[in-house]
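An overview of the molecular structure
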Number of protein chains: 12
Amino acid sequence: MSESVYKIIELVGTSPNSWEEAVKNVVEQATKTLQDLRIAEVSKLDVKLENGKIVAYRARVKLSFKYGEEED
Amino acid sequence: MSESVYKIIELVGTSPNSWEEAVKNVVEQATKTLQDLRIAEVSKLDVKLENGKIVAYRARVKLSFKYGEEED
Amino acid sequence: MSESVYKIIELVGTSPNSWEEAVKNVVEQATKTLQDLRIAEVSKLDVKLENGKIVAYRARVKLSFKYGEEED
Amino acid sequence: MSESVYKIIELVGTSPNSWEEAVKNVVEQATKTLQDLRIAEVSKLDVKLENGKIVAYRARVKLSFKYGEEED
Amino acid sequence: MSESVYKIIELVGTSPNSWEEAVKNVVEQATKTLQDLRIAEVSKLDVKLENGKIVAYRARVKLSFKYGEEED
Amino acid sequence: MSESVYKIIELVGTSPNSWEEAVKNVVEQATKTLQDLRIAEVSKLDVKLENGKIVAYRARVKLSFKYGEEED
Amino acid sequence: MSESVYKIIELVGTSPNSWEEAVKNVVEQATKTLQDLRIAEVSKLDVKLENGKIVAYRARVKLSFKYGEEED
Amino acid sequence: MSESVYKIIELVGTSPNSWEEAVKNVVEQATKTLQDLRIAEVSKLDVKLENGKIVAYRARVKLSFKYGEEED
Amino acid sequence: MSESVYKIIELVGTSPNSWEEAVKNVVEQATKTLQDLRIAEVSKLDVKLENGKIVAYRARVKLSFKYGEEED
Amino acid sequence: MSESVYKIIELVGTSPNSWEEAVKNVVEQATKTLQDLRIAEVSKLDVKLENGKIVAYRARVKLSFKYGEEED
Amino acid sequence: MSESVYKIIELVGTSPNSWEEAVKNVVEQATKTLQDLRIAEVSKLDVKLENGKIVAYRARVKLSFKYGEEED
Amino acid sequence: MSESVYKIIELVGTSPNSWEEAVKNVVEQATKTLQDLRIAEVSKLDVKLENGKIVAYRARVKLSFKYGEEED
């Protein structure tokens, strides 16, 4: 494994319910085109507000996968 | 929209259950006096412990809103 | 001057033209209610895009002034 | 209270369900050997992925307690 | 206590003698209008110089208190 | 909007005149292949010097857009 | 000296009077069980407030010592 | 040169021997599909351990190249 | 070029008009005594205010040049 | 694996030859009392100088292992 | 004042008694060769230990002064 | 030793072979004009690329020495 190269991309997922679900949405979308995902590190959490209500929990994550895989 | 001015304040919300609920409590309290809230960015998460148990999930957030609104 | 207390607030200014003008807008708005402004430190710069065009240059600044002044 | 000394250790908890539960797992494990836990600050959140699925939510926390207590 | 909301403001205190006194000056000024102050975290220390002498020790602090209290 | 996924890429634009123009150049280049650009956050500003003169203002920006769009 | 290994632990000291004294308290407590202490780096300063008064100056420090020494 | 646009991607290289070799592996892999690479900035170094031995030195780098080039 | 040594100094330029001009002023001043300047990285931007007006845009930059050159 | 708890400690290794060897020295020392080491993240690199010569390359690392293992 | 250029240098002062005195020592030493010192920002505080005692409080400061002045 | 003042300068060394050698080159150059060098802290590592090859490993270091020594 020691000579592999990995790529890290930064994605933002959203969910009306929780940051856990926001990250799950990121992962589901990413697995459509990327294989061998290993880790998703959270780099930022926020919420989007409309009319005084939370409409989306958003999680920005850094996702690492084997370089050479297809990527969107 | 391009010449508006926004203000950012830092609040800490707490909840016995989750950080999502902690942020929801911040937003509910803030909407009593502030209008046009847009985004709440998480700047810190922690938990308060008593007798070896979690008694509160706490989320520190930066909340932006239109400058000129009433503020507590 | 040595025993004064200052307050720092965080504001976001916007301009269709430049970050310099965005900060100028912040200062003009702030001077309506605050006196003795001293320094505005830039903590973040970004641009807002619509239809592939820049619609606003935005500057987030930390503005310091004498504590005890009126503040919005 | 003013002359006490506290120690801060860094632990990583994991959970298949949420970061809140990951921190709860850290606290439960730590209370077996440490008393007088006060606060756990989150220093990093990530998720571990296998076969395109989230297998663990992981929370790295800094845990403070009275220095002189037993520690693992 | 778990559902309270706290606000954090940033103030700068000055003293001709020490940073400890600079923070004490901040706290004394703040308690005139704010109740239930809990913690003041230092975010920056500097000194102001005139004619090659230190004329003020300055401490920038983040002060937390219960949201809903009066604030200047 | 709450279940969308966004991608963030980092680009560096250059201009002989200003950082505003440097960012405009980035945006113009990016819109050739990407749709639904939302925000470009500045992560670094510098200038390139030759023979004691500024030859380029450079702005490094993080650009967010809907994941699934074409990307170079 | 070139092949030694050192350990770094994080402690919080408190004092009613000054941050210098807070660090002195940390060092005195640590020397009961650790030898060959070299440096204590300040990573955070704050004050604890009660009834509008400072009750403790607190200093969080990273303390390095030779690995293999007894540690609490 | 002043109106070019560059892209920055983040890759992780690994080597059983050194971080220098880990970065060399990243560069060799990247040059297969990217031209005009200019600089690789190290953003993180770590080592992977198995059975108490170092099995890989890993270097995370930010690699800049002319935008518009082919990219994996 | 590979064995050269460079030095980095930190300067602050000011201008009544823009941060671009502030950096230009730094560079013009520095080229009087330094040769082979390469890059100036912005580390801080702020504005100085007097009587509610911006009197100076200030840019703090890190300037690199060949070590061994004359320096003020 | 999803409910395990890990501990992170910070150690400094030294070597007269390289940072890679400095980390190897840390790992060798740590494996005497700790099992199941996983990752060592570099948090700081420096060199110690005497009489104008490098006498030690030093690497500060954060080492993670299963909590509950023996630790010095 | 708006077109002046300032230089920032980083110095470390030490004192057996306090960080305030450590900074005073820095300033006294610097004023021997530099004029028009304005501000000294603290970038790091630590203490040096020998035989389990604090032998020096050390303060690292960034000192700004008019560029063109004599400097050591 | 407790009342000495130290200066910190930032240099960049380069080497075709390794970051260790890059720092060695910095130290050799610096010792020509500076005495009593103590520590060189790495603040940045990168590599310069030409034609898809690494042509220089570069290390930016902060070098501390007794203030009052000759400096280039």
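Residues numbered from 1 in each chain as written. Chains lettered and ligands numbered in written order. Predicted model: local features only at pLDDT ≥ 70, side-chain atom pairs only at ≥ 80, totals over all residues. Heavy atoms only, no water.

What to know about the overall build of chain A
Rule in force here: In this description a helix means any DSSP run of H or I spanning at least four residues, a strand means any run of E spanning at least two, and both kinds are numbered starting from the N terminus. In this setup the radius of gyration rests on C-alpha atoms only. A globule is expected at 2.2 Å times the number of residues raised to 0.38. Summary of the burial criterion: residues with accessible area below 20% of their type's maximum are buried, those above 50% are exposed, and those between are partly exposed, where the area comes from a 1.4 Å probe applied to protein chains only. Contacts are assigned to residue pairs that have any heavy atoms within 4.5 Å of one another. The Shrake-Rupley method, run with a 1.4 Å probe sphere, supplies the accessible areas, and residue values consider only the shown protein chains as cover. Residues scored as positive are Lys and Arg, those scored as negative are Asp and Glu, and His as well as the terminal groups of each chain are ignored. For this purpose, a charge sits on NZ of Lys, CZ of Arg, CG of Asp or CD of Glu.
Of regular secondary structure, chain A possesses 1 helix and 3 strands. Along chain A, helices and strands appear, N-terminal first, in the series β-α-β-β. Relative to its length of 72 residues, chain A is extended, with a C-alpha radius of gyration of 14 Å against a globular reference of 11 Å. Taken over 72 residues, chain A has a buried fraction of 62%. Partitioning the intrachain contacts of chain A with sequence separation of at least 6 by distance along the chain shows that 64% fall at a separation of at least 24. When the accessible surface of chain A is summed, it comes to about 2800 Å², and 40% of that surface belongs to carbon and sulfur atoms. One finds the centroid of the 11 positive side-chain charges in chain A at a distance of 6 Å from the centroid of its 13 negative side-chain charges.

Digging into the interface of chain A and chain H
Formally: Here the quantity called buried area is the total loss of accessible area, with a 1.4 Å probe, experienced by two parts when brought into contact, counted for both. One side-chain nitrogen of Lys or Arg within 4 Å of one carboxyl oxygen of Asp or Glu is enough to make a salt bridge. For this analysis, a polar contact is any N or O atom pair within 3.5 Å, provided that within protein one partner can donate a hydrogen and the other can accept it, and provided that sequence-adjacent residues contribute only side-chain to side-chain pairs. Basically, the charged four are Asp, Glu, Lys and Arg, the nonpolar ten are Ala, Val, Leu, Ile, Met, Phe, Trp, Tyr, Cys and Pro, and anything else, Gly included, counts as polar. Between any two strands, pairing holds if DSSP finds at least two bridges.
The interface is formed by 15 residues belonging to chain A together with 22 residues belonging to chain H. Counting each side, the surface lost to burial between chain A and chain H is near 1500 Å², with a carbon and sulfur contribution of 49%. Summed over the shared surface of chain A and chain H, the number is 2 salt bridges. For Glu10 of chain H, the salt bridge is made with Lys62 of chain A, and the minimal N-O distance between the two is 2.8 Å. Applying the counting rule to chain A against chain H returns 5 residue pairs in polar contact (both at pLDDT 80 or more). The element that contributes the greatest number of residues to the side of chain A that touches chain H is strand 1 (residues 5–15) of chain A, accounting for 4 residues. Tallied by class, the residues present in the side of chain A that touches chain H amount to 5 nonpolar, 3 polar and 7 charged. By the bridge criterion, 4 bridges tie strand 1 of chain A to strand 1 (residues 5–15) of chain H in an arrangement that is antiparallel.

A closer look at the pairing of strand 2 (residues 39–50) of chain L
Pairing analysis gives 3 bridges linking strand 2 (residues 39–50) of chain H to strand 2 of chain L, with the strands arranged antiparallel. Counted as the bridge partner of Ile39 of chain H is Lys48 of chain L from strand 2 of chain L. Relative to strand 3 (residues 53–66) of chain L, strand 2 of chain L is paired through 11 bridges, and the arrangement is antiparallel. By the bridge assignment for strand 3 of chain L, Lys44 of chain L is matched with Arg60 of chain L. Counted along the chain from strand 2 of chain L to the antiparallel partner strand 3 of chain L, the turn is 2 residues long, and its residue Asn51 of chain L has a positive phi close to 50°.

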